[in-house]
Amino acid sequence: MTNEKAIKALRTIKTYCSATQLEELDYAIEVLEKLEKDGVKEPLATDFKNVENKK
């Protein structure tokens, strides 16, 4: 599973999501987009202890 596939699936789910959950779903999409932008291609297999924190 790639970030891009997960983002695409979440956007599809967003169409059917209740309005009360849209903020949480948007947040999850934003997190995956940020990880993708920062080059983290496999978040579940990444050791974040060794990843530099960019603020």
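About the thresholds
Residues numbered from 1 in each chain as written. Predicted model: local features only at pLDDT ≥ 70, side-chain atom pairs only at ≥ 80, totals over all residues. Heavy atoms only, no water. Salt bridge = Lys/Arg side-chain N within 4 Å of Asp/Glu carboxyl O. Helix = DSSP H or I, 4+ residues; strand = E, 2+ residues; numbered from the N terminus. Buried < 20%, exposed > 50% of the residue type's maximum accessible area, 1.4 Å probe, protein only. Core = buried A, V, L, I, M, F, W, Y, C linked by side-chain atoms within 4.5 Å. Contact = heavy atoms within 4.5 Å. Expected span 1.5 Å × (residues − 1). Arc of directions from axis to C-beta.

Colleague: What should I look at first to understand the pattern of salt bridges in this one?
Modeller: Opposite charge on two side chains permits them to pair, given that their charged atoms come into close proximity. Summed over the entire model, instances satisfying the criterion amount to four salt bridges. Arg11 is paired through a salt bridge with Glu33; the nearest N and O atoms lie 2.2 Å apart. Here Arg11 is found in helix 1 (residues 3-16), whereas its partner Glu33 is found in helix 2 (residues 22-37), with 22 residues between them in sequence. You can call Arg11 partly exposed: its relative accessible area is 45%. Since its relative accessible area comes to 31%, Glu33 is described here as partly exposed. The salt bridge involving Lys41 is made with Glu36; its shortest N-O contact spans 2.8 Å. Looking at Lys41, the relative accessible area reads 47%, which means it is partly exposed. Residue class for Glu36 comes out buried when judged on its relative accessible area of 19%.

Colleague: Would you take a moment to explain the nonpolar core for this structure?
Modeller: Note on soluble globular proteins: their nonpolar side chains tend to be buried together. Counting residues in each nonpolar core, the largest one holds eight residues, listed as Ala6, Ile7, Leu10, Leu25, Ile29, Leu32, Leu35 and Val40. Put simply, the parts of the chain that give this core at least two residues each are helix 1 and helix 2. Per element, the largest residue contribution to this core is four residues, and it comes from helix 2. The residues contacting Ala6, other than those within four sequence positions of it, are Met1 and Leu32.

Colleague: So what exactly am I meant to see when it comes to helix 2 here?
Modeller: It helps to recall that an α-helix has 3.6 residues per turn; residues three or four apart then point in one direction. The terminal C-alpha atoms of helix 2 lie 22 Å apart, and with 16 residues this matches the ideal 22 Å at 1.5 Å per residue to within 8%. When helix 2 is considered as a whole, its buried residues turn out to be Leu25, Ile29, Leu32, Leu35 and Glu36. Mapping the buried residues of helix 2 onto a view down its axis gives an arc of 125°, with all of them on the same face. Turned more than 90 degrees away from the buried face of helix 2, the exposed residues are Glu23, Tyr27, Glu30 and Lys37. The inward-facing, buried residues of helix 2 contact helix 1. Backbone geometry just after helix 2 places Gly39 at a positive phi near 90°.

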